[in-house]
Amino acid sequence: DADVVLVYEAGSCAGARVSPAAGCTTESLEALVETALIRKLGRRLLAVGVVEGVGVPRARARAPEVLTVSDGSLRAWLRPADPRTSRSVRAFDRHGKGAMAQWHKLREAWRLMETLEQSGKFKYGLVIKLRLDLAPSVPMAPCAHRDGLLEKIGQAAHALQVHAMTDWMFWGSREAMAIACSVWDGVGYFENSVGEPFKGISAALGPPRSDVLKRPVAVRPLLLSLRSLPPDAFERWLPYHKIESLAVPDMGKFPNTFFVPANRVTNLKEVRLAMLANLEAALAAGWEWIDPLDTKRAAQPKLRLMISEKSGRVPPGLFITEQDFLHWLMLHNITVCDIGAGVSGFFSKKRRVVSRPTVNDCLHPPSFETTAKSENSASLEIPAELETPAKFETPASLQNDAKLEIRNSGLRAPGSDGGLGRGLGGGLGVGLGDGLGGGLSGGLLQMRFPNSIGPQRQTAVSEDGTQEAGGDRRPSALLPGQCAPAPAKRAEFGKTGAARGEVRRVAVCFHGQFLRRADIPKLVSQILPGDWGGPDSKTVAYDAFVATSTQRSELSACEVLDGSQICPRLVKEAGFGYAQCDHLPYDAGIYTRMASSLGLPQRDAARYSLYPHRVLSSFSTMSRALSLARAHSELQSAKGGYYDLIALTRIDVFFHNVKVLSWPITRSWFIDVAAVGVVGRRRAHKPQWEDRFIIGRPELMESLERLSDGATFARRYKQLGNQAYPEAQILLALTESGKLQTHNTRGPFFSQFASIEGFKQNKQKFRRNFINLSAIV
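The structure contained in this document is the topic of the report that follows. (Residues numbered from 1 in each chain as written. Predicted model: local features only at pLDDT ≥ 70, side-chain atom pairs only at ≥ 80, totals over all residues. Heavy atoms only, no water.)

### Focus: the overall build of the protein chain
Along the protein chain, the regular secondary structure elements total 16 helices and 32 strands. Expressed as a percentage of its 777 residues, the buried residues of the protein chain come to 55%. Contacts in the protein chain between residues at least 24 apart in sequence constitute 76% of all its contacts with a sequence separation of at least 6. Roughly 33800 Å² of accessible area belongs to the protein chain as shown, and the carbon and sulfur atoms make up 52% of that amount. (Helix = DSSP H or I, 4+ residues; strand = E, 2+ residues; numbered from the N terminus. Buried < 20%, exposed > 50% of the residue type's maximum accessible area, 1.4 Å probe, protein only. Contact = heavy atoms within 4.5 Å. Areas by Shrake-Rupley, 256 points an atom, 1.4 Å probe, with all protein chains shown as cover.)

Take a look at the structure:
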């Protein structure tokens with residue numbers, strides 16, 4: 001749920017869609033609008049501001065005022081934007097377009113919101129700016145830890161972010177949106193060429209700058225903002241940031257400019273590459289903040305535009321909404337992310353759904369480092385007045401995986417002082433629009449705040465409790481045919497058990513993007529045998545390798561996995577001697593784009609059809625888990641062969657559904673598995689391999705490490721009659737390895753070695769509306 005603040009301007013009766021039109025007055029039109037708003041929004045509508053229409057006749061003049069009505073909500077009558085105060089208003093709004101008036105209405109909406117806060121003694125934590133004639137086509141799903149809604153993560157201040165779809169809709173934390181909603185106060189900074197230091201928001205911005213090449217550039221926010229955009233932003237300019245029109249430091253990269261005609265989009269990918277190259281070079285040289293008017297730093301690079309003058313330029317001295325809105329935010333050290341929150345499309349003014357791919361996780365762009373600092377690096381930092389403030393600790397109520405439920409009372413935290421602290425108080429919609437345009441808010445109903453927030457780290461834990469974290473693992477740019485980066489050699493963490501000759505070793509590789517159940521009710525030795533068997537029976541030592549994402553649920557990015565706890569629990573609760581875990585942020589777009597580039601459809605041709613991209617996603621975690629085991633084996637033994645057997649399964653299936661059977665053969669279970677090679681063939685009329693629990697010799701299991709190869713997957717997909725069943729893909733992988741014994745076509749079968757009991761299949765995945773990929777693809 002959410003509170004709504006609406007500021008709108010009623011037009012004349014001549015353009016209103018009201019019936020009957022006879023007898024219509026401006027006052028009756030406003031009353032009609034308010035009745036409709038109350039009927040649709042009910043108690044959510046806490047404040048309405050009506051801006052006096054320019055040139056719209058009224059029965060009687062009304063002075064500006066703010067009133068509290070009987071239900072406690074606010075009603076305000078507001079003056080319109082004064083064209084005498086802004087050259088841009090005179091230039092752009094004289095034909096009724098409202099490009100500049102929207103910023104005036106937004107500021108007034110913000111003031112009404114502040115009035116609500118003061119009267120209720122609380123602070124909103126999430127602010128969303130929308131308009132009545134344009135709305136997301138799917139419910140917004142903001143995520144506190146991912147989207148910059150927490151004031152602190154651990155001891156580090158959270159970088160300010162605004163998530164935007166140009167100036168149409170944008171949202172963020174209250175602190176970031178305070179800057180975004182103050183654009184009207186900053187218009188003069190972009191219009192005037194002379195004057196005293198600008199005092200609209202921060203004196204650190206210096207004097208007004210009508211020339212775009214004379215304005216300061218915050219290098220890091222600009223680079224992060226550029227990197228956060230999806231590929232479509234450089235093919236379809238209209239519903240995305242116009243970030244390519246901003247100036248960048250001239251570091252000698254891509255010396256030529258690019259022609260981008262106003263009537264069609266060309267060369268934007270080249271412009272992006274050129275901007276990235278110069279921004280990365282500037283950051284590597286230590287330049288965080290570049291102010292062309294700062295004469296004390298003569299060595300700082302000049303600024304340049306990557307789009308040529310032939311493309312057309314607006315004369316200086318005007319506020320260009322979509323360009324200068326971005327500049328305003330970045331001048332205040334705010335990263336402008338794509339709209340995110342799962343918004344993959346929107347309803348246009350013509351009531352049509354427009355697909356628009358987005359990037360949900362702006363917090364973890366591809367990593368970049370400042371490798372070199374210049375001699376005057378201390379003077380290159382962003383002015384202290386513009387640094388992200390860090391005032392509050394993460395509230396104690398959000399520690400230890402606490403569950404925060406924000407219910408109906410305006411999303412306010414309990415307590416007169418806001419309870420959970422500023423930045424977590426709740427949600428608000430702030431709206432505006434042209435004519436009867438306004439804002440409706442999405443809301444924040446329920447969220448989970450894990451006690452481990454931010455990028456998950458690769459961890460390894462040994463039996464003696466030694467734990468060490470690897471470097472941050474962020475998704476890298478993947479080429480077609482790749483689902484996961486090639487694994488690098490991992491360092492050894494702690495003790496890894498007895499010498500090779502003293503025990504038999506089994507690696508259990510846990511895969512699956514979403515760890516829905518993480519409870520561990522029994523020891524690994526209660527599921528698999530505790531000794532090897534045979535005449536010289538030896539103890540079996542088990543190592544665990546886990547490859548998952550940082551999400552618990554496929555359809556909810558806010559259900560976050562605390563990956564740092566998985567490995568210690570596998571050692572302490574399940575009896576593994578060594579555990580290594582790897583958790584990557586989940587991005588469905590990687591797999592949907594990959595499937596699309598391989599020519600695979602959204603659904604396959606099977607009777608119970610599957611999504612090929614979901615199978616690729618699952619195979620990527622299999623490959624990662626097996627890669628961890630192989631890399632650890634190579635580290636422990638130069639000659640290889642550290643593990644006698646390798647099992648591949650899921651944590652929830654292994655601890656809740658797998659049961660090892662003792663079938664009447666003279667040798668032990670492990671010896672029989674090793675003799676067969678790999679266990680998993682199903683008794684079925686079609687040849688398939690069990691994908692929930694597979695165990696076999698390392699040289700055979702290695703063939704499954706290449707399941708995530710896209711080209712091979714696509715070839716097998718066609719070979720199987722346009723079907724993506726993982727059971728059939730696994731069987732083909734083992735058969736093509738040339739190491740699978742041919743007699744296995746007649747057995748032995750999986751059911752002779754083990755059973756899967758009590759497993760409930762997710763039938764929803766077969767439904768055709770389970771996932772809507774059209775917008776993403």
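There is more to say, and it comes next.
### Details of the nonpolar core
Formed by 78 residues in total, the largest nonpolar core has its most connected members in W103, V162, F170, M177, L222, I243 and L329. In terms of residue count, the dominant contributor to this core is helix α7 (residues 268-284) (8 residues). Those residues in contact with L222, other than ones at most four positions away along the chain, are V217, I243, L246, A247, V248, L279 and M330. If you look at the next biggest cluster of nonpolar residues, it comprises 41 residues, including V508, F670, V679 and I695. (Core = buried A, V, L, I, M, F, W, Y, C linked by side-chain atoms within 4.5 Å.)

### Description of the state of the cysteines
Applying the stated rule across the entire model yields 2 disulfides. Note on cysteine connectivity: C337 is disulfide-linked to C362, with sulfurs 2.2 Å apart. Sign of the S-S torsion, about -70° for the bond between C337 and C362, identifies this disulfide as left-handed. On the criterion of sequence distance, the pair formed by C337 in strand β15 (residues 335-338) and C362 in the loop between β17 (353-355) and β18 (403-405) is long-range, its members being 25 residues apart. With a relative accessible area of 7%, C362 lands in the buried category. The disulfide that involves C567 links it to C581, with 2.1 Å between the sulfurs. (Disulfide = S-S within 2.5 Å.)

### Thoughts on the environment of E34
The residue E34 is located in helix α1 (residues 26-41) in this model. Measuring from C-alpha to C-alpha, the distance between E34 and L45 comes to 10.0 Å, with 11 residues separating the pair along the chain.

### Observations regarding unusual backbone geometry
Even without being glycine, F254 reaches a positive phi, approximately 50°. Inspection of the secondary structure assignment puts F254 in the loop between β12 (248-249) and α7. Its relative accessible area of 37% is what places F254 among the partly exposed residues. Phi is positive for A341, which is not a glycine, with a value near 55°. Structurally, the position occupied by A341 is in the loop between β15 and β16 (345-347). Judged by relative accessible area, which is 1%, A341 ranks as buried.

### Observations concerning the sheet that holds strand β6 (residues 135-136)
Sheet strands pair via backbone hydrogen bonds, and the direction of the pair is either parallel or antiparallel. Judged by pairing direction, the sheet is antiparallel, and its 3 strands sit side by side in the order β6-β16-β17 without closing on themselves. Each of the sheet's edge strands pairs with one partner strand only, and the pair in question is β6 and β17. (Pairing = 2+ DSSP bridges.)

### Considering the environment of R107
Following the sequence through the fold, R107 ends up in helix α3 (residues 101-120). Those residues in contact with R107, other than ones at most four positions away along the chain, are C181, W184 and D185. A polar side-chain atom of R107 sits 3.1 Å from a polar atom in the side chain of D185. (Polar contact = N/O pair within 3.5 Å; in protein donor to acceptor, adjacent residues only side chain to side chain.)

### Thoughts on the pattern of salt bridges
A complete count under the given rule lists 30 salt bridges for this structure. For R107, the salt bridge goes to D185, with nearest N and O atoms at 3.1 Å. With R107 in helix α3 and D185 in helix α5 (residues 183-191), this pair connects stretches of sequence that are 78 residues apart. Note that E288 and R220 form a salt bridge whose closest N and O atoms lie 2.7 Å from each other. Here R220 lies in helix α6 (residues 219-227) and E288 lies in the loop between α7 and β13 (289-290), a separation of 68 residues in the sequence. With a relative accessible area of 9%, E288 lands in the buried category. Using a relative accessible area of 26% as the deciding quantity, one classes R220 as partly exposed. Overlapping salt bridges bring together R682, E690, D691, R692 and E727 as one network. (Salt bridge = Lys/Arg side-chain N within 4 Å of Asp/Glu carboxyl O.)

### Quick word on the pairing of strand β28 (residues 645-649)
Where burial is concerned, most of β28 is hidden: 5 out of the 5 residues are buried. Burial along β28 is two-sided: L645, A647 and T649 and I646 and L648, pointing in opposite directions, are all buried. As paired strands, β28 and strand β31 (residues 693-696) are joined by 4 bridges and run antiparallel to one another. Paired with A647 across the two strands is I695, which belongs to β31.

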